[in-house]
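If you want the building blocks of each chain, they are given just below.
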Amino acid sequence: MDAPEAELVAGEPAAAETPAPEQAPAPEQEQAPKTRTGRVGVVLVSHSRAVAQSVAELAGALLGSVEPAPLAVAGGTPDGGIGTSAELITAAARSVDEGVGVAVLCDMGSAVLTVKSLLGEEPSQLPEGARIVDAPFLEGAVAITLTSAIGGDIETVLAAAEDARSYRKR
């Protein structure tokens, strides 16, 4: 069975790789401590692949000259239908994980339930530090991609997204 693919904003899909089983180090070797470098990864989860990709493209375009944050979409089902897929969400989150957290923004309903389920599993299917974002989809996507791109930590990224809820339009 082929592994699902996580689509990066740049338009080039990043194949989700199944990690090799961890092997215990030889007695004379020590494992290096896990370093936490990089930026917060961003995953946009929508019931529609086209919607997720379009929102990701708009958010990326609004960054101007700022180098984009690691961003992937998990839209629709693996066969291209409308719905959500735990496999696509997991692959997308792993593809953008740089060791400092992953902000997962969902459009609605079953997308939210699927991410909450993945976060609640023991062990979690999502990378360490993955968090669900409580924000409107489009405004939140712009806020988290920009805040991550400029180096905000996971708490700052989440706060920026949640501020998007209060954006006034009149």
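Each chain carries its own residue numbering, running from 1 in the direction its sequence is written. Reporting in this predicted model follows two pLDDT cut-offs: at least 70 for local features of residues, and 80 or more for side-chain atom pairs to be given and counted; totals over whole chains, interfaces and linings ignore these cut-offs and use all residues. Side-chain descriptors were evaluated using all non-hydrogen atoms of the structure, hydrogens and water having been removed beforehand.

Before we go on, may I ask you to explain the overall build of the protein in this structure?
Going along the chain from the N terminus, every DSSP run of H or I of four or more residues is numbered as a helix, and every run of E of two or more is numbered as a strand. In terms of regular secondary structure, the protein is built from 5 helices and 6 strands. Within the protein, the proportion of its 170 residues that are buried is 40%. Any pair of residues with heavy atoms lying within 4.5 Å of one another is described as a contacting pair. A fraction of 75% describes how many contacts in the protein between residues 6 or more apart in sequence connect residues 24 or more apart. When accessible area is computed with a 1.4 Å probe and restricted to protein chains, residues below 20% of their type maximum are described as buried, those above 50% as exposed, and intermediate ones as partly exposed.

For this particular structure, what's the right way to read the pairing of strand β5 (residues 102–106)?
Remark: a regular strand shows side chains that alternate across the two faces of the sheet. Here β5 lies mainly inside the structure; 5 of its 5 residues are buried. Residues Val-102, Val-104 and Cys-106 point to one face of β5 and Ala-103 and Leu-105 to the other, with burial holding for every one of them. Being paired, for any two strands, means DSSP has found at least two bridges between them. Summarising the sheet, strand β3 (residues 41–46) and β5 pair through 5 bridges and their orientation is parallel. Looking across to β5, one finds that Val-45 is bridged to Cys-106.

Where do I start with the pairing of strand β4 (residues 71–75) in this structure?
With 5 of its 5 residues buried, β4 lies for the most part within the structure. Between the parallel pair β3 and β4, the chain is carried across by helix α1 (residues 49–61), and the sense of this crossover is right-handed. We call a crossover right-handed when, viewed with both strands directed away from the observer, the connection leading from the first strand over the helix to the second proceeds clockwise.

I tried to follow the packing of helix α2 (residues 86–96) against helix α3 (residues 109–120) on my own but got confused; where do I start?
The angle between the axes and the distance between the axes are what describe a pair of packed helices. With their axes 10 Å apart at the nearest point, α2 and α3 run at an angle of 65° to one another. Every pair of crossing elements has a handedness; the one defined by α2 and α3 is right-handed. Touching Ala-86, Ile-89 and Thr-90 of α2 are Thr-114, Val-115 and Leu-118, all from α3. Only the contacting stretch of a helix is used when fitting its axis, a line to C-alpha atoms as for every element, and angles between N-to-C directions run 0 to 180 degrees. Note: crossing handedness is left-handed where the near helix turns anticlockwise from the far helix by less than a right angle, and right-handed where it turns clockwise.

When you look at the side chain of Thr-147 in this model, what are you seeing that I'm missing?
With respect to the secondary-structure elements, Thr-147 resides in helix α4 (residues 137–149). Excluding residues that lie within four positions of it along the chain, Thr-147 makes contacts with Gly-152, Thr-156, Val-157 and Ala-160.

Got a minute to help me understand unusual backbone geometry in this structure?
A negative phi angle is the norm for most residues apart from glycine, just as the trans form is the norm for most peptide bonds. Put simply, Glu-122 and Pro-123 share a cis peptide bond, and its omega is -5°. Inspection of the secondary structure puts Pro-123 in the loop between α3 and β6 (130–133).

I tried to follow the nonpolar core on my own but got confused; where do I start?
Nonpolar side chains tend to gather and get buried jointly when the protein is soluble and globular. To qualify as a nonpolar core, a set must consist of buried Ala, Val, Leu, Ile, Met, Phe, Trp, Tyr and Cys residues joined through side-chain atoms within 4.5 Å. Counting residues in each nonpolar core, the largest one holds 19 residues, and the members touching the most others are Leu-44, Ala-103, Leu-105, Val-133 and Ile-144. Sorting the residues of this core by element identifies β3, α1, β4, β5, α4 and α5 (154–163) as the ones contributing at least two each. Looking at which element gives the most residues to this core, the answer is α5, with 4 residues. Val-45, Ala-74, Val-102 and Cys-106 belong to the second-largest nonpolar core, a separate cluster that totals 17 residues.

Sorry, what's going on with α3 here?
One turn of an α-helix holds 3.6 residues; hence residues three or four places apart share an orientation. With 12 residues, α3 should reach 16 Å at 1.5 Å per residue; the first-to-last C-alpha distance of 17 Å fits that figure. Within the span of α3, buried status applies to Ala-111, Thr-114, Val-115 and Leu-118. Summarising the axial view, the buried residues of α3 lie within an arc of 95°, below the 170-degree limit, and thus occupy one face. Opposite the buried face of α3, at more than 90 degrees from it, the exposed residues are Leu-113, Lys-116 and Gly-120. On its buried face, α3 is in contact with β3, α2, β5 and β6. An expected span of 1.5 Å times one less than the residue number is assigned to each helix. Arc definition: directions from the helix axis to the C-beta atoms.

How should I be thinking about a nonpolar patch on the surface in this particular structure?
A contiguous nonpolar patch, built from Leu-58, Leu-62 and Leu-138 and spanning about 260 Å² of accessible area, is present on the exposed surface. Structurally, Leu-58 is set in helix α1. Within this analysis, patches are made of residues with over 30% relative accessible area and no salt bridge. Like charges are joined at 9 Å or less; nonpolar side chains (Val, Leu, Ile, Met, Phe, Trp, Tyr) at 5 Å or less. All accessibility values rest on the Shrake-Rupley procedure with a 1.4 Å probe; residue burial counts only the protein chains present in the view. Here, a salt bridge means any side-chain nitrogen of Lys or Arg that lies within 4 Å of a carboxyl oxygen of Asp or Glu.

Would you mind showing me how to read the packing of α1 against α4 here?
At a closest axis distance of 9 Å, the pairing of α1 and α4 adopts a crossing angle of 45°. Accordingly, the angle class assigned to the pair α1 and α4 is oblique. In the crossing of α1 with α4, the sense of the turn from one axis to the other is right-handed. Contact with α1, carried on its side by Val-51, Val-55, Leu-58 and Ala-59, involves Phe-137, Leu-138, Ala-141, Val-142 and Thr-145 of α4 and no other residues of that element. Any residue outside Ala, Val, Leu, Ile, Met, Phe, Trp, Tyr, Cys, Pro, Asp, Glu, Lys and Arg is labelled polar, Gly included; the first ten of those are nonpolar and the last four are charged. When grouped by side-chain class, the residues that make up the contact of α1 with α4 number 8 nonpolar, 1 polar and no charged. For classification purposes, angles smaller than 35 degrees are called roughly parallel, those larger than 145 roughly antiparallel, those between 65 and 115 roughly perpendicular, and all remaining angles oblique.

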